[in-house]
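So you can see what is in the structure, the chains are spelled out below.
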Amino acid sequence: MDLHLQTGTGEGLRAGLELALREAVRSGRLPPGTRLPSSRTLASDLGVSRGTVTQALDQLVAEGYLESKPRSGLRVAPQPAPPAESPRPSHATLPAVPGIDLRSGFPDLAVFPRRQWLAATRHVLRTAPNTAFGYRDRAGAVELRQALAEYLGRARGVATTPAHIVVCAGYAQALRLVCQVLSHHAGAGSTIAFEDPTEPDYPALIEQLGHRARHIPVDRDGLIVDRLTGESAAVVTPAHQYPLGVTLSPARRVELVSWARRSGGFIVEDDYDGEFRYDRRPVGALQGMAPDRVIYVGTTSKTIAPGLRLAWLVLPGSLVDPLQEATRWDESSVNVIDQLVLTRLIQTGQLDRHIRHCRTRYRHRRDLLGQAVTEQLPYARLSGIAAGLHAVLQFPAHTGSESSLLGHLERHGIHVEGLSPFYHRRQNAPPAIVIGYATPAEHTYRHALGTLVDALRTAPPS
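Keep in mind that this is a model prediction, so the values were computed, not measured.

Student: Honestly, the environment of Leu-17 in this entry has me stumped. Any pointers?
Tutor: By the secondary structure assignment, Leu-17 is in helix H1 (residues 13–27). The exposure class assigned to Leu-17 is buried, which follows from its relative accessible area of 2%. Placed 38 residues apart in sequence, Leu-17 and Gln-55 show a C-alpha to C-alpha distance of 9.9 Å.

Have a look at this one:
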């Protein structure tokens, strides 16, 4: 049989022959069972010594590409099927849905500060010492922890020092580390309280880690503190409750801190969007009232972009060493260049300017949403304070069920979330939807809002 092989001479005759045959088998040009010419014939056709051909064929037999059977010569061996490829969306479209995306939890990704981030990256790469790219402190780059201590004290009223800050790869890792520390402090299987409603993934996470989740109701003043009993910690969103949008009242703040001191428990403060308040100055962090009992968690997910996976813990002094130990085997760290870039943005005031720019945009969007509800949906009520990146729109019971309302919006190509899935238990409640008004790009927001309102006006009662 004739066998066409491109052997090339760059790798040497034997290596070139091995490569050519190996690729012919892999590509399927030589299917399983194909009989190869004899070594004498192949050597003659290729113009190389028979010894070179024999050595190459023996190597491919050893690798499993060829098989040798008595009185049958050399044949291509059966090959394992290649793994099936599943379609993978591009990174640019991973969080997207077709139609109008008004899901909560996203900032406007189109306003990512590309120019400032690029300039800061260039500065870091130009000025950082070689030692910056070695193994770093598990707590995070000291430069970032110093910048965060200053920024959080100034912008959020957090009382801390760089030694009490740990940089994490997102909120989920921060919560995971907190659970490990609580296991050390309060014992495995302790109970952690969550607000009801809340993001359901986080109670599920702590239960996966061996703790018990307890759901404490929220009213217009925030978490109902007197429902807490013997929990080792309470996870709260005091500046802007997620998703209801209420603020933990001053009286409840005092009650919560008193509970922590009295019970020996800790408060985990999730300050996910505390910088975005539109009708007054942002409410300061709860941590400032009790730095010894509050574990403060902040991220760049709402202020810049969730894809950065940048978060930080501010710890009470008693938890610093246990958490350092918890990070000992945890490799989910943030790369040092991004840490130093964020440091640069904080130090130059670029982060403050970016937040002010976003605050202006999001305030305008929320105002447009409120105006549209007042003028065109007078039977609905927009709840929560003027803050954050989302709002809850509540409807009277005669509007129909929440699921039918969501289905109606889906048919109009509008993607929002119902309020019910955020509750641990919620039955026979009027329908409500959570609107992420920050999610669309600026130039599409008016169209998205108009389409949403038109669809809600035509929603049939179920």
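Picking up where we left off.
Student: Which parts of the structure should I look at to understand the sheet that holds strand S4 (residues 165–168)?
Tutor: Across a sheet, paired strands are connected by hydrogen bonds in the backbone, their directions being either parallel or antiparallel. The mixed open sheet is built from 8 strands, whose spatial order is S4-S11-S10-S9-S8-S5-S6-S7. The two strands at the open ends of the sheet, each matched to only one other strand, are S4 and strand S7 (222–223). The pairing of S4 with strand S11 (residues 311–314) spans 4 bridges and is classified as antiparallel. Bridging from a neighbouring strand, Ile-165 pairs with Val-314 of S11. Running over the sheet, helix H5 (residues 142–156) touches S4, strand S10 (294–299) and S11 and is turned about 105° from S4.

Student: What should I look at first to understand unusual backbone geometry in this one?
Tutor: Excluding glycine, most residues fall at negative phi; most peptide bonds, likewise, are trans. Residue Pro-197 is reached from Asp-196 by a cis peptide bond, and omega for that bond is 20°. Relative to the elements of secondary structure, Pro-197 occurs in the loop between strand S5 (191–196) and helix H7 (201–208). Omega for the bond connecting Tyr-242 with Pro-243 falls within 30 degrees of zero, at 10°, which places this linkage in the cis form. With respect to the helices and strands, the residue Pro-243 is situated in the loop between strand S8 (233–236) and helix H8 (250–263).

Student: Quick question: what am I supposed to make of the pattern of salt bridges here?
Tutor: Side chains that differ in charge, positive against negative, can pair when their charged atoms come close. With the rule as written, the count across this model stands at 16 salt bridges. One salt bridge connects Arg-154 with Glu-150, and the closest N-O pair in it is separated by 2.9 Å. One end of the pair, Arg-154, and the other, Glu-150, are both in helix H5, 4 residues apart, so they sit about a helical turn from each other. Looking at Arg-154, the relative accessible area reads 44%, which means it is partly exposed. The shortest N-O distance in the salt bridge between Arg-154 and Asp-352 comes to 2.9 Å. Linking Arg-154 in helix H5 with Asp-352 in helix H11 (residues 350–376), this pair joins segments that are 198 residues apart in sequence. The class of Asp-352 is buried, set by a relative accessible area of 16%. Through salt bridges with shared partners, a single ionic network connects Arg-14, Glu-18, Arg-22 and Glu-63.

Reading guide: rules and limits
Residues numbered from 1 in each chain as written. Predicted model: local features only at pLDDT ≥ 70, side-chain atom pairs only at ≥ 80, totals over all residues. Heavy atoms only, no water. Helix = DSSP H or I, 4+ residues; strand = E, 2+ residues; numbered from the N terminus. Buried < 20%, exposed > 50% of the residue type's maximum accessible area, 1.4 Å probe, protein only. Pairing = 2+ DSSP bridges. Contact = heavy atoms within 4.5 Å. Axes fitted to C-alpha atoms, helices over the stretch in contact; angles between N-to-C directions. Salt bridge = Lys/Arg side-chain N within 4 Å of Asp/Glu carboxyl O.

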